[in-house]
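Remarks on the overall topology
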Amino acid sequence: MNLLYFQKVKSECRVNCSCVIDYIWEQDKVIHSKTAVNCSSRGFTDFPDPETLPKPTDTLYLNNNEIHSIAKFVNTYEDLGIRNLYLENNGISDLNLLETFDWIYSFQVLSLRNNNLTEVPTHMLENIMRENNWIYLIDLSLNDWKCDCRTVSTFKVWLLQYAKFIKNIEEVQCERTKNQIRYLKNEDWCSEDEVSQIIELLDLFSIFLACCIFIVITKVLYDYWNFKRNGKVPWLVSKM
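This text gives an overview of the structure that appears in the document. (Residues numbered from 1 in each chain as written. Predicted model: local features only at pLDDT ≥ 70, side-chain atom pairs only at ≥ 80, totals over all residues. Heavy atoms only, no water.)

1. Here we look at the overall build of the chain
Test applied: Secondary structure elements follow DSSP: runs of H or I no shorter than four residues count as helices, runs of E no shorter than two count as strands, and numbering proceeds from the N terminus. Partly exposed residues are those whose accessible area sits between 20% and 50% of the maximum for their type, while under 20% is buried and over 50% is exposed, using a 1.4 Å probe and protein chains only. Any two residues having at least one pair of non-hydrogen atoms within 4.5 Å are treated as being in contact.
Secondary structure assignment for the chain yields seven helices and seven strands. For the chain, the succession of helices and strands along the chain, N to C, is α-β-β-β-α-β-β-α-β-α-β-α-α-α. Looking at the 240 residues of the chain, the share that counts as buried comes to 38%. Put simply, 62% of the contacts in the chain that link residues at least 6 apart link residues at least 24 apart.

2. With respect to the nonpolar core
We count it as follows: Buried Ala, Val, Leu, Ile, Met, Phe, Trp, Tyr and Cys residues that are joined via side-chain atoms within 4.5 Å together make up what is termed a nonpolar core.
Counting 54 residues, the largest nonpolar core has Leu98, Trp103, Phe155 and Trp158 as its most contacted members. Elements with a minimum of two residues in this core: strand 1 (18-27), helix 2 (71-76), helix 3 (122-131) and helix 4 (149-161). With residues up to four places along the chain from it excluded, the contact list for Leu98 reads Ile70, Phe73, Val74, Trp103, Ile104, Leu110 and Met124.

3. Describing empty space enclosed by the protein
Cut-off, in case you're wondering: Put plainly, a pocket is an open set of points on a 1 Å grid over the protein atoms alone with protein on both sides within 12 Å along at least five of seven lines, a cavity is a set where a 1.4 Å probe fits but cannot get out, and a lining residue has an atom within 4 Å of a point. Grid points are joined across faces, edges and corners, and a volume is the space filled by probe spheres set on the points. Here the nonpolar group is Ala, Val, Leu, Ile, Met, Phe, Trp, Tyr, Cys and Pro; Asp, Glu, Lys and Arg are the charged ones; every other residue, Gly included, is treated as polar.
Counted under the stated rule, the structure contains two cavities of 30 Å³ or more. Roughly 60 Å³ of volume is contained in the largest cavity. Along its surface, the largest cavity is lined by Leu95, Leu98, Phe107, Leu110, Leu112, Val120, Met124, Leu125, Ile128, Ile138 and Leu140. A per-element tally of the lining of the largest cavity places helix 3 first, with three residues. Considered as a void within the structure, the second largest cavity measures approximately 50 Å³ in volume. Lining of the second largest cavity is provided by Phe47, Ile70, Phe73, Leu85, Leu87, Leu95, Leu98, Trp103, Leu110 and Leu112. Considered class by class, the residues forming the lining of the second largest cavity number 10 nonpolar, no polar and no charged.

4. Considering the packing of aromatic side chains
Heads up, the condition is: What counts as a ring pair is set by centres within 6.5 Å for rings of Phe, Tyr and Trp (its six-membered ring), and what kind of pair is set by the plane angle: stacked under 30 degrees, edge-to-face over 60, tilted for all other angles. Note on geometry: a ring has a charge over it if NZ (lysine) or CZ (arginine) is within 6 Å of the ring centre and within 35 degrees of the ring normal.
Under the definition given, this model contains 11 aromatic pairs. Between the aromatic rings of Tyr61 and Tyr86, the centroid separation amounts to 4.6 Å while the plane-to-plane angle is 20°, which identifies the pairing as stacked. Residue Tyr61 is located in strand 3 (residues 59-61), and its partner Tyr86 is located in strand 4 (residues 84-86); the two are separated by 25 residues in the primary sequence. We classify Tyr61 as partly exposed; its relative accessible area is 27%. Centroid distance Trp103 to Phe107: 4.8 Å. Interplanar angle 20°. Geometry classified as stacked. Feature note: the residues Phe47, Phe73, Tyr77, Phe101, Trp103 and Phe107 constitute an aromatic cluster, connected by ring pairs. Here the basic side chain of Arg83 rests over the ring of Trp134, its NZ or CZ set 4.8 Å away from the ring centre.

5. Here we look at the state of the cysteines
Note the cut-off: Disulfides are defined in this document as cysteine sulfur pairs within 2.5 Å.
For the coordinates displayed, the defined rule picks out four disulfides. Covalent S-S linkage joins Cys17 and Cys39, the inter-sulfur distance amounting to 2.0 Å. Residues Cys17 and Cys39 are joined through a disulfide that is right-handed, its torsion about the S-S bond being 110°. A residue pair is termed long-range when its members are at least 10 positions apart, and Cys17 in the loop between helix 1 (2-12) and strand 1 and Cys39 in the loop between strand 2 (30-38) and strand 3 qualify at 22 residues. Given a relative accessible area of 12%, Cys17 falls into the buried group. Its relative accessible area of 0% is what places Cys39 among the buried residues.

6. Quick notes on the layout of surface pockets
Approximately 360 Å³ is the volume found for the largest pocket. Glu119, Val120, Pro121, Thr122 and Arg150 are, among the 17 residues lining the largest pocket, the residues nearest its centre. Looking at the lining of the largest pocket, the elements that each hand over two or more residues are helix 3 and helix 4. Of the residues belonging to the lining of the largest pocket, the class tally is five nonpolar, seven polar and five charged.

7. Considering the packing of helix 3 against helix 4
Packed helix pairs are characterised by how far apart their axes lie and by the angle those axes make with each other. Just so we agree on the cut-off: To get an axis, a line is fitted to the C-alpha atoms, and for a helix only the part in contact is used. The angle between two axes follows their N-to-C directions and goes from 0 to 180 degrees. Angle categories: roughly parallel below 35 degrees, roughly antiparallel above 145, roughly perpendicular from 65 to 115, and oblique for all the rest. In this scheme, a crossing is called left-handed if the near helix is turned counterclockwise away from the far one by less than a right angle; it is called right-handed if the turn is clockwise.
At a minimum axis separation of 10 Å, helix 3 and helix 4 run at an interaxial angle of 20°. In terms of orientation, helix 3 lies roughly parallel with respect to helix 4. For the element pair helix 3 and helix 4, the recorded crossing hand is left-handed. Two secondary-structure elements touch here, helix 3 through Thr122, Leu125, Glu126 and Met129 and helix 4 through Thr154, Phe155, Trp158 and Gln161. When the residues that make up the contact of helix 3 with helix 4 are grouped by side-chain class, the tally is four nonpolar, three polar and one charged.

8. Some details on helix 4
Within an α-helix, residues lying three or four positions from one another point in the same direction, as the helix has 3.6 residues per turn. Stated formally: Working rule for helices: expected span equals 1.5 Å times residues minus one. Throughout, bend refers to the angle between the axes fitted to the seven residues that end at a position and the seven residues that start at it. A 3.5 Å cut-off defines polar contacts: any pair of N or O atoms within that distance qualifies, except that in protein one atom must be a possible hydrogen donor and the other a possible acceptor, and neighbouring residues in sequence count only when both atoms are side-chain atoms.
The terminal C-alpha atoms of helix 4, which comprises 13 residues, lie 18 Å apart, in line with the 18 Å expected from a rise of 1.5 Å per residue. Along its length, helix 4 reaches its greatest deviation from straightness, about 30°, at Phe155. When helix 4 is considered as a whole, its buried residues turn out to be Cys149, Thr151, Val152, Phe155, Lys156, Trp158 and Leu159. Residue Asp148 occupies the N-cap position of helix 4, its side-chain oxygen lying 3.1 Å from the main-chain nitrogen of Arg150.

Next comes the structure, spelled out in structure tokens:
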């Protein structure tokens, strides 16, 4: 049976890469395998065609190439089952398209070390960490990070909050100053007006949350009172 799996992977590996089975196991009388494809240092200028890779491919290495866009990955790799993606030492400068790809909620490893990233949507990173229960690590080191007040108030906060998942966090640095972003201080990067705006936004958000909590508690108390007095259950409960 193992020989058949090796032959299957070999026949499906129709690309100038190394395709190997990391391991094979049996569960509920079904054979499963983990396949790794190494396309590093092969002169790729884009992701290889998914039809040329074994299916599923668990881990894909594309380090040390000349890839500048993730568009092909987002548009054509949905069915490959990739959990670990290594894109170190390429020329990727934009990750916005990842927001449209559900893959970000199921991957385990994403390595973008030494690319051309200057910024990344922090709300996307936040959503990844909140909704991806499989994540093991992200590497964003040695990129050309733009540093300003927004970096300090959003990206830095994200880095510190999820530091245990960030590989080489000490090398996530500002492009010009080479300061570690995790150590940046608000007073060094934000004017008084910018700090005031941030505080005002946080205050407004806190007020909004407090109002929502008050409304919910008031509704619960009213429904309880109405049930005790009139025996009426809330409309939503009556429809369940």
